[in-house]
Amino acid sequence: MNDKETQQKYLELHLLNTQIKQLTQQLALLEQQLLELRISDDSLEDFKNIKNEKESFVPLVGGIFVKSKLENNKNVLINVGQGIIVEKSIDEARNMVSMQEKEVKKIIKQIEDGLYTLSIRSQSMQQELVNIKKE
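Residues numbered from 1 in each chain as written. Predicted model: local features only at pLDDT ≥ 70, side-chain atom pairs only at ≥ 80, totals over all residues. Heavy atoms only, no water.

*Asks:* Explain unusual backbone geometry here, please?
*Replies:* The general pattern is negative phi for most residues beyond glycine and trans for most peptide bonds. Phi angles above zero are rare outside glycine, and Glu-53 is one such case at about 70°. For Glu-53, the location among the structural elements is in the loop between α1 (3-48) and β1 (55-61). (Helix = DSSP H or I, 4+ residues; strand = E, 2+ residues; numbered from the N terminus.)

The following block contains the structure:
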């Protein structure tokens, strides 16, 4: 193999490693999103058990709260995008969260499969380059 082909292999290896790094970062973000969805589901379940008229603190922004009384623990308001808010029952909200979880898990699986494929290609290319150096 000539120097130009070797350089091409190094460039391809670099690109593979860059893709692996990007996919790993995406995977970490998706796993964080999945964790947040699970927390949301748990919170919705817990919310059903809170008694109406119970006083609580509601966060406005980081470290700032307001005191409020719960009037309705049967429904929640959900932002569905573009400033549109709809009222849903707790069970409907949990179903939405569950569907989002399934989608995120599906994407995570696709990324993990892609990472596996790229890792195999990267290892193979690294071995090729080691063999070239030995020649």
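Alright, that's what it looks like, and here's the rest.
*Asks:* Help me out: how do you make sense of the nonpolar core in this one?
*Replies:* Side chains of nonpolar character tend, in soluble globular proteins, to be buried together. Ranked by size, the top nonpolar core spans 22 residues in total, and within it Leu-44, Val-76, Val-104, Ile-108, Ile-111 and Leu-115 carry the most contacts. Elements represented by at least two residues in this core include exactly α1, β3 (75-81) and α2 (90-134). Among the elements that line this core, the one with the most residues is α2, at 11 residues. Setting aside residues no more than four positions away along its own chain, Leu-44 makes contact with Val-76, Ile-90, Ala-93, Arg-94 and Val-97. (Core = buried A, V, L, I, M, F, W, Y, C linked by side-chain atoms within 4.5 Å. Buried < 20%, exposed > 50% of the residue type's maximum accessible area, 1.4 Å probe, protein only. Contact = heavy atoms within 4.5 Å.)

*Asks:* Just checking my understanding: could you explain α1 for this structure?
*Replies:* For an α-helix, the turn length of 3.6 residues means that residues three or four places apart are oriented alike. With 46 residues, α1 ought to run about 68 Å at 1.5 Å a step, and its terminal C-alpha atoms sit 68 Å apart, in line with that. Of all the positions in α1, only Thr-6, Lys-9, Leu-13, Leu-16, Ile-20, Leu-23, Leu-27, Leu-30, Leu-34, Leu-37, Asp-41 and Leu-44 are classed as buried. As for α1, its buried residues are in contact with β3 and α2. (Expected span 1.5 Å × (residues − 1).)

*Asks:* I'm lost on the confidence of the model for the protein in this one. Help?
*Replies:* Interpreting fine coordinate detail is not advised for predicted regions of low pLDDT. Mean pLDDT for the protein: 92, with 99% of residues reaching 70 or above. The least confident element of the protein, judged by mean pLDDT, is β1 at 87; the most confident is strand β4 (residues 84-89) at 95. (pLDDT = per-residue confidence, 0-100.)

*Asks:* Where do I start with the environment of Arg-121 in this structure?
*Replies:* Structurally, Arg-121 can be placed in helix α2. For Arg-121, a relative accessible area of 40% corresponds to the partly exposed category. When the C-alpha atoms of Arg-121 and Val-104 are compared, they prove to be 26 Å apart, with 17 residues separating the residues in sequence.

*Asks:* What am I meant to see in the layout of surface pockets here?
*Replies:* Within this model, the largest pocket holds a volume of roughly 230 Å³. Forming the walls of the largest pocket are Phe-47, Ile-50, Lys-54, Glu-55, Ser-56, Phe-57, Val-58, Pro-59, Ser-68, Lys-69 and Leu-70. Tallying contributions element by element places β1 first for the lining of the largest pocket, with five residues. Of the residues contributing to the lining of the largest pocket, the split by class is six nonpolar, two polar and three charged. Estimates place the volume of the second largest pocket at around 150 Å³. For the second largest pocket, the full set of lining residues is Leu-44, Val-76, Leu-77, Ile-78, Asn-79, Ala-93, Met-96, Val-97 and Gln-100. If you list the elements that add at least two residues to the lining of the second largest pocket, you get β3 and α2. (1 Å grid on protein atoms, 1.4 Å probe; cavity = no way out; pocket = protein on both sides within 12 Å on 5 of 7 lines; lining within 4 Å. Points joined across faces, edges and corners; volume = space filled by probe spheres on them. Nonpolar A, V, L, I, M, F, W, Y, C, P; charged D, E, K, R; others polar.)

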